[in-house]
Amino acid sequence: MQLLMINPNTSSGITELVVRHAQRFASPGTQILGATGRFGARYITSRAASAIAAHAALDAYAEHGHGTDVVILACFGDPGLAALREMATQPVVGFAEQACRRAAMIGRFSIVTGGERWGPMLEEFVAWLGLSEQLASVRTVAPSGGDIARDPKGSIAMLAQACADAVHRDRAQCVVLGGAGLAGLAAEVAPLVPVPLIDPVQEAVAAAEALARSSTPASAPNKGLQDSAATPATQTVGLSEPLSRRLTGR
C-alpha cells in the first residue's frame, strides 16, 4: 500500500524527518511518500500561517495524491483537514485528530507542543472534535517545533518537564506529544513521563494502514468533488493547475 504524508509546512527537512519516523512504524510492504507545501511558512507558528498551510495541503494533495491509498495530514493542528476530506477520493487521517481521539480513549489528556501561540489554537481544535471535556490542558514550550527539530536532544528535558506538569498539575491521564518537528522524540520522552505518551506519527500510520486494509466503506465521507453529483464545479483564479482541475472537476 502507499500512504501519502503531506507536510503543509515548506520545510523539506521536516517532511524527511516525519517520513523517516513514520516508516519505522509501517508494516512491511507499506510505502510512505512525502509531499511538502510549495508555499507558506517554514514551520507553522500562528493562525495566519495555519490558514495558508490549509491551502498548501490541498495544493500538495492535488499534485501528489493520485494513486495513493490513504492520505496523512502531517501537521499537528491538522490545517485544512475538513477541506482535504471533501476533496480527497481516499481516506484522510489527521495527526492531531487521530492522536487526540486515541488519547481520549485512555482518559483525560493533555497536549504538549512547541510554540506558545498553539495553546488557544489547539483548544479550539479539540472543541471542534467534541473532546473538550476530556482535555486536561494544552501546555506549550517557547521553542517552535521547527526549533526543536534543529536541537532535538537539547529539548528532551524541557518537553519531559512540560509533560510532568500536565500530569501532576493538570491531572492528565495521558499526554499527546504534538508537532511534526517533534517526530521521533516520544520514545525519548516517554520514560520520563509517568503516564502513557501518545506519538501522533505512530497513531496516524496505524490508522492509515487499517483504513487501507479495510473493506468497509470507511472512506465514504471522503469522496472527492469530482465524484459527487451534488457538488457543483468551482470556478477558480490563480490556483495551481492540479488544484484548479480538482476544484473544477476537469
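Structural notes, computed from the coordinates.

Rules behind the numbers
- Residues numbered from 1 in each chain as written.
- Predicted model: local features only at pLDDT ≥ 70, side-chain atom pairs only at ≥ 80, totals over all residues.
- Heavy atoms only, no water.
- Helix = DSSP H or I, 4+ residues; strand = E, 2+ residues; numbered from the N terminus.
- Expected span 1.5 Å × (residues − 1).
- Buried < 20%, exposed > 50% of the residue type's maximum accessible area, 1.4 Å probe, protein only.
- Contact = heavy atoms within 4.5 Å.
- Polar contact = N/O pair within 3.5 Å; in protein donor to acceptor, adjacent residues only side chain to side chain.
- 1 Å grid on protein atoms, 1.4 Å probe; cavity = no way out; pocket = protein on both sides within 12 Å on 5 of 7 lines; lining within 4 Å.
- Points joined across faces, edges and corners; volume = space filled by probe spheres on them.
- Nonpolar A, V, L, I, M, F, W, Y, C, P; charged D, E, K, R; others polar.
- Pairing = 2+ DSSP bridges.
- Axes fitted to C-alpha atoms, helices over the stretch in contact; angles between N-to-C directions.

Along an α-helix, a turn takes 3.6 residues, which lines up residues three or four apart on a common side. Helix length check: helix α7 (residues 152-168), at 17 residues, gives a terminal C-alpha distance of 24 Å against a target of 24 Å (1.5 Å per residue), a fit within 8%. Residues of α7 that are buried include every one of Ser155, Ile156, Leu159, Ala160, Ala162, Cys163, Ala164, Asp165, Ala166 and Val167, and no others. Looking at the packing, one finds that the buried side of α7 touches β5 (109-114), β6 (135-141), α6 (145-150), β7 (174-177), α8 (186-189) and β8 (197-198).

Okay, unusual backbone geometry next. Even without being a glycine, aspartate 78 presents a positive backbone phi close to 50 degrees. Relative to the helices and strands, aspartate 78 is located in the loop between β3 (70-73) and α3 (81-87). Residue classification places aspartate 78 among the buried residues on the basis of a relative accessible area of 4%. In the Ramachandran plot, arginine 171 falls in the positive-phi region, its phi being about 60 degrees despite a non-glycine side chain. Its place among the elements puts arginine 171 in the loop between α7 and β7.

Take the environment of serine 137 next. Structurally, serine 137 is set in strand β6. Assessed through its relative accessible area of 12%, serine 137 is described here as buried. In sequence terms serine 137 and arginine 108 are 29 residues apart; their C-alpha atoms lie 9.1 Å from each other. Residues contacting serine 137, with those up to four places away along its chain left out, are Phe109, Ser110, Ile111, Ala166 and Asp170. Separated by 2.7 Å, the side chains of serine 137 and aspartate 170 make a polar contact.

Further remarks concern empty space enclosed by the protein. Sizing a probe to match a water molecule and rolling it over the atoms shows the empty space that remains. Scanning the entire structure with this criterion turns up two cavities of 30 Å³ or more. Taken together, Asn9, Tyr43, Ile44, Cys75, Phe76, Thr113, Gly114, Trp118, Gly145, Gly179 and Ala180 form the lining of the largest cavity. Of the residues assigned to the lining of the largest cavity, the class counts are six nonpolar, five polar and no charged. There is about 70 Å³ of room inside the second largest cavity.

Between its first and last C-alpha atoms helix α2 (residues 47-64) spans 25 Å; for 18 residues at 1.5 Å apiece the expected length is 26 Å, and the two agree. Of all the positions in α2, only Ala49, Ser50, Ala53, Ala54, Ala56, Ala57, Leu58, Asp59, Ala60, Tyr61 and Ala62 are classed as buried. Against β1 (2-7), β2 (31-36), β3, α3, α5 (118-129) and α10 (241-248) lie the buried residues of α2.

Residues Cys174 and Val176 line one face of β7 and the alternating positions Val175 and Leu177 line the opposite face, and both faces are buried. Pairing of β5 with β7, which is carried by four bridges, proceeds in the parallel orientation. Counted as the bridge partner of phenylalanine 109 is cysteine 174 from β7. Alignment of β7 against β8, held across two bridges, turns out to be parallel. If you follow valine 176 over to β8, its bridge partner there is isoleucine 198.

This part takes up the sheet that holds β5. Spatially, four strands are ordered β6-β5-β7-β8 in an open sheet, and the strand pairing comes out parallel. A single partner strand is all that each edge strand has here, and the edge strands are β6 and β8. Strands β5 and β6 of the sheet are contacted by α5, whose axis makes an angle of about 150 degrees with β6.

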